[in-house]
Amino acid sequence: MKRYFAGLTDTGVVRSVNQDDYYMDEPEGRFFIVADGMGGHAGGQEASRIAVQTIKNYLQNQWHSDKSSAEILNQAFRLANETIVQEQQRHPALNDMGTTAVAVIFRDDQPWCAHVGDSRLYRLRGSKLQQITDDHTWVARAIQAGHLTAEQGRSHPMRHVLERCIGRPDLPEVTVNPFEVQTGDRLLLCSDGLTEELSDAAIANNLKSIRAGEKAATTLVDAAKEKGGRDNITVVIITIA
């Protein structure tokens, strides 16, 4: 299966600094990463940068190893966590920095996804948009337990409270799972600056109506900014052909 892809990141309307980062493995399209940093302007930028670079380098170095895809994804995220923690120890002013991350790899004809935090992976198949990842947030857990509805969760004051992020000595686990794709599917990796502003229905409508990846990415970012653009916005769109 061929993969066509496009990505875009934007500071948004309110923020003065972009704490998001992303990477697309060009031209091969073997893997893709999106990270959303936190911990002040400098800390958030540094955390997302470290995570993306560390994960990218590890995947490149281990791509042809005998390790399983699940193993190299888990180890890449673990190494990113350790690297950020070490940087915190060297620079106490960055002690609170951390980042979410979501990554997708296409290796041995089987796609895998890894994530920590609330940056997401979606799959559009036909007209149906499915969220492949589960947010590591207090609100997501409350929804799963039946204490909140999904609609209540969208405006809940604790919706941004993460239960996991990269950059903590006690990171409990990295969620790593295989998933399926077929010809015609579109995948979307994104930071919560997109999903905070746009509903799943609005995202699905964009992805199914605009075929050119670059235009779809720009339209999604612009739509999020028109809705308020309160956070940095990052999208990576992958079309399976």
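Everything numeric here is computed off the predicted structure, so don't read it as measured data. (Residues numbered from 1 in each chain as written. Predicted model: local features only at pLDDT ≥ 70, side-chain atom pairs only at ≥ 80, totals over all residues. Heavy atoms only, no water.)

To continue, consider unusual backbone geometry. Following glutamate 26, the chain continues to proline 27 via a peptide bond in cis, the omega torsion being 0°. Structurally, the position occupied by proline 27 is in the loop between β2 (20-24) and β3 (31-38). For aspartate 108, which is not a glycine, the phi torsion comes out positive at approximately 55°. Mapped onto the secondary structure, aspartate 108 falls in the loop between β4 (98-107) and β5 (110-116). (Helix = DSSP H or I, 4+ residues; strand = E, 2+ residues; numbered from the N terminus.)

Attention now moves to the packing of aromatic side chains. Scanning the model with the defined rule gives four aromatic pairs in all. An angle of 40° between the planes, with centres 5.8 Å apart, marks the rings of phenylalanine 31 and tryptophan 63 as tilted. Remark: tryptophan 63 occurs in the loop between α1 (40-62) and α2 (69-90) and phenylalanine 31 occurs in strand β3; sequence separation between them is 32 residues. Assessed through its relative accessible area of 9%, tryptophan 63 is described here as buried. On the numbers, 6.3 Å between centres and 85° between planes, the contact of phenylalanine 32 with phenylalanine 106 is edge-to-face. Linking phenylalanine 32 in strand β3 with phenylalanine 106 in strand β4, this pair joins segments that are 74 residues apart in sequence. Each of the two residues, phenylalanine 32 as well as phenylalanine 106, counts as buried. (Phe/Tyr/Trp six-rings, centres within 6.5 Å; stacked < 30°, edge-to-face > 60°. Buried < 20%, exposed > 50% of the residue type's maximum accessible area, 1.4 Å probe, protein only.)

Turning to the UniProt feature "domain: PPM-type phosphatase" (unreviewed entry) in the chain, a few remarks are in order. Taken from the UniProt record, the annotation "domain: PPM-type phosphatase" (unreviewed entry) applies to residues 4-240. In residues 4-240, helix accounts for 36% and strand for 27%; the two terminal C-alpha atoms are 7 Å from one another. (UniProt positions renumbered as here; feature names shortened; annotations may be inferred.)

Our focus in this paragraph is the nonpolar core. Core analysis: the largest hydrophobic core is formed by 30 residues, its most contacted members being Ile55, Leu59, Leu73, Phe77 and Ile105. Mapped onto this core, the elements with two or more residues apiece are β3, α1, α2, β4 and β5. At seven residues, the largest contribution of residues to this core is made by α1. Ignoring anything within four residues of it in the chain, the contact list for leucine 59 reads Phe31, Ile72, Leu73, Ala76 and Ile105. The next biggest cluster of nonpolar side chains, apart from the first, holds 19 residues, and it includes Leu129, Ala204, Ala217 and Leu220. (Core = buried A, V, L, I, M, F, W, Y, C linked by side-chain atoms within 4.5 Å. Contact = heavy atoms within 4.5 Å.)

Right, let's get into the sheet that holds strand β6 (residues 120-125). Read across the sheet, five strands follow the order β1-β10-β9-β6-β7 without closing on themselves; strand pairing throughout is antiparallel. Only two strands of the sheet have a single partner each, and these edge strands are β1 (3-10) and β7 (128-131). Strand-to-strand, the axes of this sheet are offset by a mean angle of 15°, without reference to chain direction. Bridge count for β1 against strand β10 (residues 233-240) is eight bridges, and the pairing is antiparallel. Its bridge partner lying in β10, threonine 9 is registered against threonine 234. Of the strands in this sheet, β6, β7, β9 (186-190) and β10 touch helix α6 (residues 200-209), which is tilted by about 55° from β6. (Pairing = 2+ DSSP bridges. Axes fitted to C-alpha atoms, helices over the stretch in contact; angles between N-to-C directions.)

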